[in-house]
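Remarks on the overall topology
One letter stands for each residue in the lines below.
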Amino acid sequence: MRGGIPRSPGRIFAWGMAGLVMLWLTAPVLVLLPLSFSGRRSFRFPPDTWSLRWYENFFTDSTWHASLLTSLKVGLLSTAASMILGTMAAFALHKLYFSGKAFVTGFLLAPMIFPGVVSAIAIFGVYLTWHISGTLTGFVAAHTVLSLPFVIVSVRSALRIFDWELEKAAASLGASPFETFRLVTLPLILPGVLIGGLFAFVISFDEVVVSLFLQTPFVRTLPVQMYLSVTESIDPTVAAASTIIVIVTVASILISMLFWQKRKTSDA
Amino acid sequence: MHNPSQSGASLEISDLSKAYGSFKALDAVSLTARQGEFLSLLGPSGSGKTTTLNMIAGFTSPTSGEIRVDGREISTLPPYRRDIGIVFQHYALFPHLTAAQNIAFPLQRRGMPRRDVAVRVAEALEMVKLDGYGDRYPRQLSGGQQQRVAFARAVVFKPKLLLMDEPLGALDKKLREDLQGEIRRIHRSLGITFVFVTHDQEEALALSDRIAVFNHGRIEQIGTSRELYETPATEFVARFIGEANIFSGTLVRGDAGLALDTPVGLLPVETRLPAGRQASLVVRPERLEIGKAPHAGSDPHVPATVRDVVYLGSNRRIEIVFDDGRTGIIRGSGRGTDVGAGERIDIRWSIADGYVVPFSSSQTGDGHGS
Ligand SMILES: Nc1ncnc2c1ncn2[C@@H]1O[C@H](COP(=O)(O)OP(=O)(O)O)[C@@H](O)[C@H]1O
Ligand SMILES: [Mg+2]
């Protein structure tokens with residue numbers, strides 16, 4: 001690591017800037033982490049006494065841990081759904097030529113840039129007539145729509161570098177279209193699918209706006225529970241919850257990176 | 001040892017056409033490959049060779065026409081049911097599988113038991129002289145090694161027909177020659193029918209039992225190397241296969257028989273074509289003799305100027321310019337060829353060594369034979 005030792009003023013400046021940005025990004029965590037171990041029911045920083053009571057509360061009070069469970073369920077289900085649907089959509093957009101393709105593409109990618117609150121109201125309105133507001137199905141469907149574009153974009157870029165002659169080769173060797181997909185195409189575009197899935201999970205896991213409209217006291221995601229808790233009372237459990245969210249998010253990124261590393265070394 | 005007639009399929013293509021809009025990529029092509037034959041499809045780039053191969057493989061559907069393998073029409077079969085081996089120009093090995101796994105792929109698709117797969121893969125690796133390389137991934141192999149793996153993978157399931165689309169096109173000359181030798185050896189030992197696409201006439205001449213010469217989506221001629229060289233059907237074939245001196249003109253009947261009236265003189269010819277027809281006379285470079293003074297006998301002869309002499313070891317290649325400005329080539333050895341650039345000479349040939357082809361207006365093809 002020669003770059004680790006700053007030498008020129010330019011280097012020192014660059015490292016200084018990087019350090020500032022890192023501090024800026026992690027500062028909230030640096031405040032929340034100590035707060036979650038506070039001994040008192042207060043947001044005073046730094047805490048003067050220490051305890052694990054907010055974590056204890058998180059895991060004993062069902063409104064808290066049920067919301068974590070809901071978030072995990074919604075996150076995993078919507079990630080699975082958007083990985084499958086997004087991969088299929090990316091394939092269709094890559095392989096087929098049809099009129100109105102640009103329109104369909106734009107339509108599928110729209111949730112990426114569409115104002116969240118507008119989507120939220122639209123989804124809420126439709127759900128009222130479908131009677132799925134406040135259900136797990138409703139949450140999963142809404143989050144799938146929001147994360148779908150990220151999977152599509154990342155699978156499309158994987159397909160762009162995929163060598164289509166490999167599909168011909170597989171067919172000539174006796175593989176049916178499904179076998180070809182399972183044994184050749186999918187393994188080779190898997191990095192793109194997984195990156196899309198990681199995005200999808202992270203997006204679902206900290207989505208607030210749509211979830212706020214869809215929530216009921218019985219089905220509520222963790223970020224929504226946190227928001228409601230802060231508006232209603234002074235409860236440092238929210239700091240413990242934040243720490244848990246950070247841990248889950250960082251863990252999912254680390255797991256994907258480990259997986260990566262393993263893939264790389266296993267076929268190097 | 002295999003019996004060639006058992007392990008190779010016959011291929012019959014009749015009136016096969018492929019149109020892209022109003023453009024005819026392939027125009028009523030008919031050809032046959034006999035069981036166990038090595039047939040090359042030779043032609044300039046864009047002449048329809050890959051299109052033909054893709055239709056045999058099932059990747060492209062014909063606009064019209066029929067393809068029969070061992071007498072059975074296959075146009076309706078999807079590619080994965082055709083049981084035809086294919087070697088691609090850029091290898092198309094699966095990058096996430098090892099060489100051995102690549103070769104095992106077609107066997108596994110056919111539900112072969114594991115132990116048999118292992119045996120067959122080992123045999124196939126040995127056949128292409130890559131024993132010990134089974135655990136390597138494609139990117140850990142050189143281009144030539146990758147093409148050997150691709151070759152092993154395409155024949156390991158014992159197809160009766162093997163298609164190859166410029167399989168050596170991405171390799172350098174030395175490697176290409178080595179692999180040509182191996183392809184011939186494997187063809188002989190397996191007895192499979194090979195259909196080999198190339199734009200390199202030397203490669204086609206070296207490998208094939210017969211060659212189909214493609215031009216503009218049509219076949220100009222099918223024949224053995226020798227037939228194509230000695231009795232080309234068209235001026236295009238004459239130019240594409242080997243080197244040729246070509247004189248064009250009108251056939252006329254004179255006192256001494258038929259002659260071709262060309263810008264460089266009246267040249268006696270032997271042909272079945274009638275007088276009055278436009279035609280071209282093809283004379284191969286090694287059939288020409290050099291005289292220092294105009295020929296006095298009845299053989300055809302033309303004056304020319306030496307432009308360049310290239311020594312090629314055993315023989316020489318002499319470039320000449322005729323008086324109408326067109327160029328020609330002489331190949332030969334010995335004292336007669338002892339000439340220098342700028343020298344005026346008289347070239348002659350025996351009337352039987354000239355071959356007359358009908359005149360055709362479309363003398364084209366990007367990339368003529370050299
Ligand atoms: N999908 C396609 N759409 C339009 N034209 C095509 C297509 N595929 C091939 N062609 C045209 O058909 C002709 C023959 O192509 P090809 O069979 O690939 O030639 P070769 O293999 O002899 O070089 C070329 O002019 C090519 O541009
Ligand atoms: Mg081609």
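Residues numbered from 1 in each chain as written. Chains lettered and ligands numbered in written order. Predicted model: local features only at pLDDT ≥ 70, side-chain atom pairs only at ≥ 80, totals over all residues. Heavy atoms only, no water.

Put simply, the rule reads: UniProt positions are given in the numbering used here, feature names are shortened, and annotations may be inferred rather than shown by experiment.
Looking up chain B in an unreviewed UniProt entry gives the name Spermidine/putrescine import ATP-binding protein PotA, with the organism given as Shinella pollutisoli. As stated in UniProt under Catalytic activity (unreviewed entry), the record for chain B gives "ATP + H2O + polyamine-[polyamine-binding protein]Side 1 = ADP + phosphate + polyamineSide 2 + [polyamine-binding protein]Side 1." Entered under Subunit (unreviewed entry) in the UniProt record, the comment concerning chain B runs "The complex is composed of two ATP-binding proteins (PotA), two transmembrane proteins (PotB and PotC) and a solute-binding protein (PotD)."

Per an unreviewed UniProt entry, the recorded name for chain A is ABC transporter permease, and the organism is Shinella pollutisoli. Database annotation for chain A, UniProt heading Sequence similarities (unreviewed entry): "Belongs to the binding-protein-dependent transport system permease family."

Examining the overall build of chain B
Applicable threshold: Labels follow the DSSP assignment, with helices taken as runs of H or I lasting at least four residues and strands as runs of E lasting at least two, numbered in each case from the N terminus. Summary of the burial criterion: residues with accessible area below 20% of their type's maximum are buried, those above 50% are exposed, and those between are partly exposed, where the area comes from a 1.4 Å probe applied to protein chains only. When checking whether two residues touch, look at their non-hydrogen atoms; a contact exists if any pair is within 4.5 Å. Per-residue and other accessible areas follow the Shrake-Rupley method at a 1.4 Å probe size, with only the shown protein chains counted as cover for residues. In summary, the charge assignment counts Lys and Arg as positive and Asp and Glu as negative, without counting His or the chain termini. Charged groups are reduced to one reference atom each: NZ for lysine, CZ for arginine, CG for aspartic acid, CD for glutamic acid.
A count of helical and extended segments in chain B gives 9 helices and 20 strands. With the C-alpha coordinates of chain B rotated into their principal frame, the extents come out at 80 × 45 × 40 Å. Looking at chain B as a whole, 52% of its 370 residues are labelled buried. A fraction of 68% describes how many contacts in chain B between residues 6 or more apart in sequence connect residues 24 or more apart. In the structure as shown, chain B presents an accessible area of about 16,700 Å², 48% of it carried by carbon and sulfur atoms. Of the charged side chains in chain B, 44 are positive and 43 negative; the average position of the first set lies 6 Å away from that of the second.

Points about the UniProt feature "transmembrane region" (unreviewed entry) in chain A
Residue and element names in this part refer to chain A. Feature annotation in UniProt assigns "transmembrane region" (unreviewed entry) to the following positions: residues 12–37, 74–94, 106–130, 136–159, 180–205 and 238–260. Along residues 12–37, the helical share is 96% and the strand share 0%, with 36 Å between the first and last C-alpha atoms. Along residues 74–94, the helical share is 100% and the strand share 0%, with 29 Å between the first and last C-alpha atoms.

Here we look at the domain arrangement of chain B
To keep it simple, the criterion reads: As annotated, the domain borders come from an automatic or database domain assignment.
Along its sequence, chain B is organised into domain 1 (11–228) and domain 2 (243–364). Averaged C-alpha coordinates put domain 1 of chain B and domain 2 of chain B at centres separated by 39 Å.

A word on the sheet that holds strand β1 (residues 11–20) of chain B
All names here are of chain B. Rule in force here: Only strands that DSSP links by at least two bridges are regarded as paired with each other. To get an axis, fit a line to the C-alpha atoms, keeping to the stretch in contact for a helix; angles then go from 0 to 180 degrees between the N-to-C directions.
If you trace the 4 strands from one edge of the open sheet to the other, you get β2-β1-β4-β5, paired in antiparallel fashion. Bordering the open sheet on either side are β2 (23–33) and β5 (72–73), each of which pairs with just one other strand. As paired strands, strand β4 (residues 64–69) and β5 are joined by 2 bridges and run antiparallel to one another. Its bridge partner being in β5, Arg 68 is matched across the sheet by Glu 73. Those strands touched by helix α2 (residues 49–57) are β1, β2 and β4, and its axis lies near 115 degrees from that of β1.

Digging into the UniProt feature "domain: ABC transporter" (unreviewed entry) in chain B
Taking the numbering used here, the UniProt-annotated feature "domain: ABC transporter" (unreviewed entry) corresponds to residues 11–241 of chain B. Between the end C-alpha atoms of residues 11–241 of chain B there is a gap of 24 Å, over a span that is 36% helix and 26% strand.

Considering the site of ligand 1
Residue and element names in this part refer to chain B. Put simply, the rule reads: It suffices for a single heavy atom of a residue to lie within 4 Å of a molecule or strand for the residue to be listed as near it. Polar contacts here mean pairs of N or O atoms no more than 3.5 Å apart (in protein, one a potential hydrogen donor and the other a potential acceptor; neighbouring residues in sequence count only if both atoms are side-chain atoms). Note that Gly is not counted as nonpolar here; it falls among the polar residues with everything else outside the nonpolar set of Ala, Val, Leu, Ile, Met, Phe, Trp, Tyr, Cys and Pro and the charged set of Asp, Glu, Lys and Arg.
Around ligand 1 sit Tyr 20, Phe 23, Ala 25, Pro 44, Ser 45, Gly 46, Ser 47, Gly 48, Lys 49, Thr 50 and Thr 51, and those are all the residues in its vicinity. Lys 49 places a side-chain nitrogen or oxygen 2.9 Å from an oxygen atom of ligand 1. One of the side-chain N or O atoms of Thr 50 is found 2.6 Å from an oxygen atom in ligand 1. Here ligand 1 loses 59% of its free accessible area of 570 Å² to cover by the protein chains. Elements supplying a minimum of two residues to the shell around ligand 1: β2 and α2. For the shell around ligand 1, the element with the highest residue contribution is α2, accounting for 3 residues. Here the shell around ligand 1 is built from residues that sort into 4 nonpolar, 6 polar and 1 charged.

Describing the pairing of strand β18 (residues 327–332) of chain B
Residue and element names in this part refer to chain B. Pairing analysis gives 6 bridges linking strand β17 (residues 315–322) to β18, with the strands arranged antiparallel. Bridged to Glu 319 within β18 is Ile 329. Here β17 folds back onto β18, and the loop between the two strands holds 4 residues, one of which, Gly 325, carries a positive phi near 95 degrees.

Focus on the pattern of salt bridges
Counted only if it meets this: When a carboxyl oxygen of Asp or Glu lies within 4 Å of a side-chain nitrogen of Lys or Arg, that pair is called a salt bridge.
Enumeration according to the criterion identifies 27 salt bridges over all chains in this entry. Taking the shortest distance from any N to any O, the salt bridge between Asp48(A) and Arg44(A) comes out at 2.9 Å. Here Lys174(B) and Asp178(B) are joined by a salt bridge, their closest N and O atoms 3.1 Å apart. One end of the pair, Lys174(B), and the other, Asp178(B), are both in helix α6 (residues 173–190), 4 residues apart, so they sit about a helical turn from each other. The exposure class assigned to Lys174(B) is exposed, which follows from its relative accessible area of 55%.

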